[in-house]
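Inside the fold
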Amino acid sequence: MADDTHYLGVDIGSLSCDAVLVDAWGEVVAWAVVPTGARNLEAIASARQQVLERAGLDANAPVSVVATGYGRSRVEDRLAAVTEITCHARGIQALLPGTTLLVDIGGQDSKAILLDSKGRVVEFAMNDKCAAGTGRFLEAMARAMQVELQQLGELDRLARSGSLTLSSMCTVFAESEVVSLVADGAEVPQIVGALHRAIAARTQALVRRVCPDTAARAVAMSGGVARNLGVVRAIGSLLGCEIAVPPEPDTVGALGAALIARERAGA
Amino acid sequence: MILPYFENLVSGIETKLRDLEGTDEPRARKRFALEIARLGVRLFGGREPVAWCGVLAPFDLLSAMGVTSCFAEFVGAMLASTGGVEPMLAATEGTGYSTDGCSYHRAVTGATQQGLMPRPDFLVATSAPCTGGLAMMENLARHFDKEMFVIHIPTRDEPDVVGYLAGQLRELVRFVEVRTGRPLDRRRLAEAMERTNRTRELLLEVYELARSRPSPARRRDLFNFGLVVSLLLGTETAVDVARTYRDEFARRVAAGVGGVPGERVRLMWLQNRIQFRSPVEQLLEQAGVAVVVDEFNTVTWDSIDPDDPFEGIARRTLSIPLCRPAQRRIDLLQRLARDYQVDGVINPCHWGCRQGTGMRGLVEEGMRQVGVPVLNLEVDCIDPRNFAPGQLVTRIEAFVELIEDRRGARDGG
């Protein structure tokens, strides 16, 4: 096998389209994250182009592609389409070996994935019925508080331990509750803290479905929401454990897909 | 609206079956569908005494007394499968029914409100498997101003539970005799029970054959089968349908032909299938996944004494695990998982079904004890407005990946 062989993982989520390119040894060469927007074919093309450019490869360079995410079937010329559950498991195993419980919160899905010592999926649970507590939920809440999504983690650090709670996790009702709290003069960091605790409670229930006791687990978190350290801290506090977050947590699924492409292509 | 639908269905299937004569093409499912369509014609035709019933009513006993009977939920499933359920559900929502309630029952209630349910001569409700179903039956009885007989099915093994239930069945006979004006013909009943017993023997063979590797059952062969075929019990039609399946499966097993091409993964489906058009079955088949057994596709009861059938019918009713303590159901599911060598279980956890969702954790734990993973879905099997195909597909695909990874690990991969 030629050393210049490359493998591309593309994760088409509801909010972002992530691409990771690895080389023949499985080392990350380049990655890119672009907003998915309404036209996911354009997002796929853009992510692919960006990652190849960053790797210094020609746009038509031959790469083996594995697609994942809700739009995985839209990726043309793919070697395979693999679900994000398997890809996130594979990706976190490469980044944080020994992880046996992965919490992935993306744009519209939350997942708790139990792994064996070799990083294989033993069991998983996903949010059902609604997307409360996911990236889209946080986006709506940030908008209601007129702050940037990226500020939420920092604002959470300013929150004093308090008794402010949100009574609804329905995105629409929670948004109006947040607006009311702001209008009533509640401090934004306190509201952010309450939001993160509410998300953590929901995530804890999901985790307990696959893992009643997290004490002895090596727990990690992936997905775009893992960039919000306030959410990570709140979940860790409820689960009673430290949660490791890899660099670029939103690209874990794409990395897993790239590594699966490498395995399946027989590298 | 519904009668012409069933009449057209009958003539369409009859034509297809005629076209299949003299060929080796499978026909068992069509034969079954034809008889269900004919049942629909009788229910909606207005020419025979009709009883709307609970799921566990003794359909062969009623048939022997000249009554066309059916569990009312059948109409909900039929409306969903034909794409006509949404206006019925909307009708119930407009009259204050919560969307959290079982949509089988809401669909029937909506169809009643819309004047689509034929007026029965009487109703026969059963206290199990669900109280929601009993409430729906009370609604129907009040709407049609018809009398309702309630069969109380004990959920626990109390002393003389068989005698208690058999006594109610004898009371049911008197109830029906008064409403139809026809006394029970004991010889006719004995003949019906003999046909029930012959059907039972054939169904045992069908299910035994379905266990083969690869399973001969094509993706829709046994879909909605076990529960619905009970509507035909006591008739020669049931014997013929079961025999057609037995012969067709036996041919396929002898030839080593699987119902799902390239069967790689074998699953068990719990409780209800998704009744409206969805990508699930095609997705499973494309992935080489065969649903080799449905929870209701099993025979849990012994043959019945034709000359004194009431105790036997009572035992049959009490053998249905869904209306008994959870451990009975778990024991059955563990046995089915072993018998059919399934790799996994899909539990759709139909929204609004308290029995199904309430037992979810116990069932999952029971399957874990025999090393079989469970995929719990949260899906409304009737209401397509709540359906998110993308999320469902991801769950099912991930579950299949998990099973294949497990197999890879077991095989030393």
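Model, not experiment: these values are computed from the prediction.

A few points about the overall build of chain A
Counting its secondary structure elements, chain A contains 8 helices and 10 strands. Rg of the C-alpha trace for chain A: 19 Å, near the compact-globule value of 18 Å for 267 residues, within the 12% margin. Principal-axis analysis of the C-alpha atoms places the extent of chain A at approximately 65 × 40 × 30 Å. When burial is assessed residue by residue, chain A has 51% of its 267 residues classed as buried. Restricting to contacts in chain A with at least 6 residues of sequence separation, those with at least 24 account for 69%.

Describing the overall build of chain B
The helix and strand tally for chain B stands at 17 helices and 8 strands. Taking 413 residues into account, the globule formula puts the C-alpha radius of gyration at 22 Å, and chain B, at 21 Å, falls close to it. Principal-axis analysis of the C-alpha atoms gives chain B an extent of 70 × 50 × 50 Å. Scored against the burial criterion, the 413 residues of chain B give a buried share of 51%.

Describing the sheet that holds strand β3 (residues 28-35) of chain A
Think of a sheet as strands paired side by side through backbone hydrogen bonds, with each pair either parallel or antiparallel. Residues and elements named next belong to chain A. The 5 strands are arranged β3-β2-β1-β4-β5 in an open sheet whose pairing can be described as mixed. Lying at the two open borders of the sheet, with one neighbouring strand each, are β3 and β5 (80-81). Against the sheet, helix α8 (residues 252-264) engages β1 (6-12), β2 (16-22), β3, β4 (63-68) and β5, with an angle of about 140° to β1.

Digging into the pairing of β4 of chain A
Residue and element names in this part refer to chain A. With 6 of 6 residues buried, β4 lies mostly within the body of the structure. Going residue by residue along β4, you find V63, V65 and A67 tucked away on one face and S64, V66 and T68 tucked away on the opposite face as well. Judged from the 6 bridges that link them, β1 and β4 form a sheet pairing that is parallel. Its bridge partner lying in β4, V10 is registered against A67. Direction of pairing for β4 relative to β5: parallel, over a ladder of 2 bridges. Bridge pairing in β5 places V66 opposite A80.

A look at the environment of A409 of chain B
All names here are of chain B. Take A409: it is sitting in helix α17 (residues 389-410). A409 gets classed as partly exposed once you count the C-beta atoms within 10 Å, which come to 13. Remark: the alpha-carbon pair of A409 and G361, spanning 48 residues in sequence, is separated by 26 Å.

Some remarks on the environment of R227 of chain A
All names here are of chain A. Mapping R227 onto the fold places it in the loop between β9 (219-222) and α7 (229-239). Judged by the 18 C-beta atoms lying within 10 Å of it, R227 falls in the partly exposed class. Taking the C-alpha atoms as reference points, R227 and L152, 75 residues apart in sequence, are found 9.7 Å from one another. Apart from residues lying up to four places away in sequence, R227 is in contact with P249 and D250.

Section: the interface of chain B and chain A
Note on interface size: it is often stated as the accessible area lost on association of the parts. Each partner contributes to the interface: chain B provides 11 residues, whereas chain A provides 12 residues. Partitioned by chemical class, the residues of the side of chain B that touches chain A number 4 nonpolar, 2 polar and 5 charged.

Thoughts on the nonpolar core
A general feature of soluble globular proteins is that nonpolar side chains tend to end up buried together. One finds V10 and A258 of chain A to be the most contacted residues of the largest nonpolar core, which totals 212 residues. Counting the residues that make up this core, at least three belong to each of domain 1 (6-90 + 251-264) and domain 2 (99-245) of chain A.

What counts and how
- Residues numbered from 1 in each chain as written.
- Chains lettered and ligands numbered in written order.
- Predicted model: local features only at pLDDT ≥ 70, side-chain atom pairs only at ≥ 80, totals over all residues.
- Helix = DSSP H or I, 4+ residues; strand = E, 2+ residues; numbered from the N terminus.
- Rg over C-alpha atoms; globule rule 2.2 N^0.38 Å.
- Buried ≥ 20, exposed ≤ 12 C-beta atoms within 10 Å, placed from the backbone.
- Contact = placed C-beta atoms within 7 Å.
- Pairing = 2+ DSSP bridges.
- Axes fitted to C-alpha atoms, helices over the stretch in contact; angles between N-to-C directions.
- Nonpolar A, V, L, I, M, F, W, Y, C, P; charged D, E, K, R; others polar.
- Core = buried A, V, L, I, M, F, W, Y, C linked by C-beta atoms within 7 Å.
- Domains from an automatic or database assignment.

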